[in-house]
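Structure at a glance
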Amino acid sequence: MQSQTLLGLQDRFSDVEFIPIASSIRNVRRYKTDFEVNMLMQSARINEMAIYDSIKGINAGLTEIDIAKKFNQSLVNQGAIPSLTMIKAGRAAVGGQRRQRDDILLQEGDILWFDSDAIYNGYWSDIARVYAVGKVSTLQMKRYQALRNGMMAAYSYIRPGRTGKQIFTHVMDTIHRSGFPEYRRHHVGHAIGVEPYELPILGPHDHNYVEEGMILSVETPYYEFGIGALHIEDPLYIGSGSNKFLTLNPVPELHIL
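A brief structural summary.

Conventions we followed
Residues numbered from 1 in each chain as written. Predicted model: local features only at pLDDT ≥ 70, side-chain atom pairs only at ≥ 80, totals over all residues. Heavy atoms only, no water. Helix = DSSP H or I, 4+ residues; strand = E, 2+ residues; numbered from the N terminus. Core = buried A, V, L, I, M, F, W, Y, C linked by side-chain atoms within 4.5 Å. Buried < 20%, exposed > 50% of the residue type's maximum accessible area, 1.4 Å probe, protein only. Contact = heavy atoms within 4.5 Å. Phe/Tyr/Trp six-rings, centres within 6.5 Å; stacked < 30°, edge-to-face > 60°. Pairing = 2+ DSSP bridges. Salt bridge = Lys/Arg side-chain N within 4 Å of Asp/Glu carboxyl O.

To continue, consider unusual backbone geometry. Here the residue pair Leu 199 and Pro 200 is connected by a cis peptide bond, since its omega of 5 degrees sits within 30 degrees of zero. Of note, Pro 200 is situated in strand E5 (residues 198–201). Positive phi, close to 50 degrees, is recorded for Asn 121, a residue that is not glycine. You can see Asn 121 is positioned in the loop between strand E2 (111–120) and strand E3 (123–132).

Encoded structure:
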């Protein structure tokens, strides 16, 4: 609730005690029911399919807006709502640029980056994929593989009882040991549900414990001017003995269009 709204209510209903419960609700929301797991899986797979629809028949010369239109239309056709769509092309694509531009055209040697959020029946998905157009440099491939190793390390390492800080440290160490020691990041994932960011956050200061029944949107993004974006993100269901990615083709190899 906005502070001004609360002040207005307190002034209007002076005999009523208002008790803040937002943090308690967010804490309860960390654990997902079977229905919620199914909704989040469907949301993620619709999002994933919209990306696949967007790259069918893709070629150099298309604008970012052309690609975004195909992506958003696919989401709508599948019953989802586009939200926070980030589709960027080229070596200047870095974090924070969300709006597509009609003067940025897909070119040979570009990285095409999807960091796409969608809402299906009130449940969010947040996945990321990148595609190389025509060719990929040795440096891009090496760094992408290091980020992919970090994702697979998260899949294997995350278990109930481990903290966000422990997971962050393990993923970062894996990426560094994979030949990418320059990699820096403030978190490597977050829970997701009826909000795009829920608790816990897998960061260096997060002492919250991961528990069975959570769904974490695990990610290893990297952006650099001159290279573009390299980014993988998938939702991961945390089970008692093993975990399960909810996307159909999680943590893919770098694909060349």
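On to the nonpolar core. Residues Ile 158 and Leu 216 are the most contacted members of the largest nonpolar core, which totals 36 residues. Breaking this core down by element, the ones donating at least two residues are E2, E3, helix H5 (138–157), helix H6 (164–177), strand E6 (215–219), strand E8 (228–230) and strand E9 (233–238). Take this core: its biggest share by element is six residues, from H5. Discounting residues that sit within four places of it in the chain, Ile 158 has contacts with Ile 167, Leu 202, Val 210, Leu 216, Val 218, Leu 236, Ile 238 and Asn 243. Counting 31 residues, the second largest nonpolar core, distinct from the first, contains Ile 55, Ala 89, Leu 112 and Val 133.

Taken as a whole and assessed by the stated rule, the structure comprises eight aromatic pairs. Both rings, one in Phe 35 and one in Tyr 123, keep their centres 6.3 Å apart while their planes meet at 80 degrees; by these two values the pair is edge-to-face. Of this pair, Phe 35 sits in helix H3 (residues 34–55) while Tyr 123 sits in strand E3, and the two are 88 residues apart along the sequence. Here Tyr 123 falls in the buried class, since its relative accessible area comes to 10%.

Once that is clear, we can look at the pairing of E9. Burial runs high along E9: five of the six residues are buried. In this structure, E6 lies alongside E9, joined through five bridges in antiparallel fashion. Each residue of the ladder has a partner; that of Ile 215, found in E9, is Tyr 237. As defined by bridge partners, E9 adjoins strand E10 (residues 243–245) across three bridges and the pair is classed as antiparallel. Bridge pairing in E10 links Leu 236 to Phe 245. In this antiparallel pair of consecutive strands, E9 and E10, the connection spans four residues.

It is worth spelling out the pattern of salt bridges at this point. Applying the stated rule across the entire model yields nine salt bridges. Measuring nitrogen to oxygen at the nearest pair gives 2.9 Å for the salt bridge that ties Glu 198 to Lys 32. With Glu 198 in strand E5 and Lys 32 in the loop between helix H2 (22–28) and H3, this residue pair connects regions lying 166 residues apart in the sequence. Overall, the relative accessible area of 9% leaves Lys 32 in the buried class. Linked by salt bridges that have partners in common, Glu 48, Arg 129 and Asp 234 make up one network.

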